[in-house]
Amino acid sequence: MATFRLPNVLNEVIRAHRDQFLRPVQPKNGVGAFVFPCRKLVFNYCERSGSSKSMMEYLQKEATRFASENPQIEVVVQPRPSKHPIVRAFYTNGEQKTKCVRRCSAGEIPEIVKSLRDHSGHKLHRWNRYVISDTPSVRGIYSPFHDKAVYSISDLKTKQ
């Protein structure tokens, strides 16, 4: 029985293009399932400083509940000696956002954590146009107030 062998040149081509098919794909929403934008939250605090008291209180009381309610987010707690407490969020698009919670009470920290969790990770920028399109309209955005003559149904019936 004869065995089939590929020529060496063909083997090299297959090896070169194999990595092309195995490269990691960046997750996109709408393709398969919803991908949460926030992938990781890091809580940094100092065990001795007074500015970290509210952060330590939050971590003892509410952080475990937050972690269990959001299993899609990796929650990391790290001591950061002689520094103010911060919450750092990492997003799927590679961005990160940091909030200092130095002067926040234990009741305000969940709001900050929720805002970091719900943020998309994109930089905030001002929209100069109302409609973003690949093919912009020459006439602009349609509005019913652009028509000079306003007709009612009774007017149309009388004209006929």
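Residues numbered from 1 in each chain as written. Predicted model: local features only at pLDDT ≥ 70, side-chain atom pairs only at ≥ 80, totals over all residues. Heavy atoms only, no water.

For the protein, the name recorded in an unreviewed UniProt entry is 39S ribosomal protein L51, mitochondrial, with Coemansia furcata as its organism.

With that settled, the discussion passes to the nonpolar core. In terms of nonpolar packing, the biggest core is built from 19 residues, with Leu41, Phe43, Met55, Tyr58, Val87 and Val113 touching the most fellow members. Listed by contribution, the elements that provide at least two residues to this core are strand 1 (38-45), helix 2 (53-61), helix 3 (63-69), strand 3 (86-91) and helix 4 (109-118). In this structure, Phe43 is in contact with Met55, Tyr58, Leu59, Val75, Val76, Val77, Gln78, Ile86, Val87 and Val113, ignoring residues within four places of it in sequence. (Core = buried A, V, L, I, M, F, W, Y, C linked by side-chain atoms within 4.5 Å. Buried < 20%, exposed > 50% of the residue type's maximum accessible area, 1.4 Å probe, protein only. Helix = DSSP H or I, 4+ residues; strand = E, 2+ residues; numbered from the N terminus. Contact = heavy atoms within 4.5 Å.)

Even without being glycine, Ser82 reaches a positive phi, approximately 60°. Mapped onto the fold, Ser82 is located in the loop between strand 2 (74-79) and strand 3. In this structure Ser82 comes out as exposed when scored by relative accessible area, which is 59%.

The full count for this structure, using the stated rule, is 1 aromatic pair. Between Lys40 and the ring centre of Phe90, over which it is positioned, the NZ or CZ distance is 5.4 Å. (Phe/Tyr/Trp six-rings, centres within 6.5 Å; stacked < 30°, edge-to-face > 60°. Lys NZ or Arg CZ within 6 Å of the ring centre and 35° of its normal.)

The next point concerns the sheet that holds strand 4 (residues 96-100). Reading across the sheet, the 4 strands line up as 2-1-3-4 and stay open at both edges, with mixed pairing between neighbours. The two strands at the open ends of the sheet, each matched to only one other strand, are strand 2 and strand 4. Strand after strand, the sheet turns through a mean of 15° between neighbouring axes, direction not considered. Contacts from helix 2 reach strand 1, strand 2 and strand 3 within the one sheet, and its direction differs from that of strand 1 by about 125°. (Pairing = 2+ DSSP bridges. Axes fitted to C-alpha atoms, helices over the stretch in contact; angles between N-to-C directions.)

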